[in-house]
Amino acid sequence: MMVNNIVKTLASFTILILATSAFSQPKFSLIHQRNDQNLAEIQIKNNTLETLICYVAIDGHKIYFRLPANQPSTWYNATDPRYNFSNFSTWCDYLSLHPRYMPKKR
């Protein structure tokens, strides 16, 4: 009986931890397409109510930018038609967690 309660408590605690960590990630979506010059393009859309810090990288070149709440980024394109969507690397996180990217105060 005691072991059963301990198992239930541990299972509940594990589910609580996993559910909390799932909500801690910022929600954003990626849009891929090809432009008129047949170059791969990517756009990030912020689906949160907070500003995000993001980067788009291709071939080791990273471009950092701040993405306002509920806004899409500009289109970032590759420089060679041989690149496709899998060659892009993206990352976004809450701006409040990365103070070095905060706007400078005057």
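Just so it is clear, the structure is predicted and the values come from calculations on it, not from any experiment.

Peer 1: Tell me about the overall build of the protein chain, and please be specific about residues and values.
Peer 2: Secondary structure assignment for the protein chain yields 1 helix and 6 strands. Start at the N end of the protein chain and walk to the C end: the helices and strands fall as α-β-β-β-β-β-β. Going through the 106 residues of the protein chain one by one, you find that 29% of them count as buried. For the protein chain, restricting intrachain contacts to residue pairs at least 6 apart in sequence, the fraction spanning at least 24 positions comes to 54%. Carbon and sulfur atoms make up 59% of the accessible area of the protein chain, which totals about 7900 Å².

Peer 1: Describe the side chain of Asn 46, naming the residues involved and giving the relevant values.
Peer 2: Relative to the assigned elements, Asn 46 resides in strand β2 (residues 40-46). A distance of 3.0 Å separates a polar side-chain atom of Asn 46 from the backbone oxygen of Pro 68. Setting aside anything within four residues of it in sequence, one finds Asn 46 in contact with Lys 27, Phe 28, Thr 51, Leu 52, Leu 67, Pro 68, Ala 69, Asn 70 and Gln 71.

Peer 1: Provide a residue-level description of the packing of aromatic side chains, including the pertinent values.
Peer 2: What the rule picks out here adds up to 4 aromatic pairs. For the ring pair Tyr 64 and Tyr 101, a centre distance of 5.3 Å and an interplane angle of 15° mean the geometry is stacked. Placement of the pair is Tyr 64 in strand β4 (residues 61-67) and Tyr 101 in the segment after β6 (88-94), with a sequence separation of 37 residues. The rings of Tyr 55, Tyr 64, Trp 91 and Tyr 101 are connected pair by pair, giving a single aromatic cluster.

Peer 1: Residues and numbers for the environment of His 98, please.
Peer 2: Residue placement: His 98 occurs in the segment after β6. Counting along the chain gives 45 residues from His 98 to Ile 53, while the straight-line C-alpha distance between them is 7.8 Å. Excluding residues within four positions of it along the chain, His 98 makes contact with Ile 53, Trp 91 and Asp 93.

Peer 1: Outline the nonpolar core, listing residues and values.
Peer 2: Counting residues in each nonpolar core, the largest one holds 15 residues, and the members touching the most others are Ile 44, Leu 52, Cys 54, Val 56, Phe 65, Leu 67 and Phe 88. Sorting the residues of this core by element identifies β2, β3 (52-58), β4 and β6 as the ones contributing at least two each. Tallying contributions element by element places β3 first for this core, with 4 residues. Each residue touching Phe 88, except ones within four places of it in the same chain, is listed here: Ala 40, Glu 41, Ile 42, Val 56, Ala 57, Ile 58, Tyr 76, Asn 77 and Ala 78.

Peer 1: Explain the environment of Asn 77 to me, using residue names and the numbers behind them.
Peer 2: Topologically, Asn 77 is positioned in strand β5 (residues 76-77). Spatially, the C-alpha atoms of Asn 77 and Ile 42 are 6.4 Å apart, while their sequence positions differ by 35 residues. With residues up to four places along the chain from it excluded, the contact list for Asn 77 reads Asn 35, Leu 39, Ala 40, Glu 41 and Phe 88.

Rules and cut-offs
- Residues numbered from 1 in each chain as written.
- Predicted model: local features only at pLDDT ≥ 70, side-chain atom pairs only at ≥ 80, totals over all residues.
- Heavy atoms only, no water.
- Helix = DSSP H or I, 4+ residues; strand = E, 2+ residues; numbered from the N terminus.
- Buried < 20%, exposed > 50% of the residue type's maximum accessible area, 1.4 Å probe, protein only.
- Contact = heavy atoms within 4.5 Å.
- Areas by Shrake-Rupley, 256 points an atom, 1.4 Å probe, with all protein chains shown as cover.
- Polar contact = N/O pair within 3.5 Å; in protein donor to acceptor, adjacent residues only side chain to side chain.
- Phe/Tyr/Trp six-rings, centres within 6.5 Å; stacked < 30°, edge-to-face > 60°.
- Core = buried A, V, L, I, M, F, W, Y, C linked by side-chain atoms within 4.5 Å.

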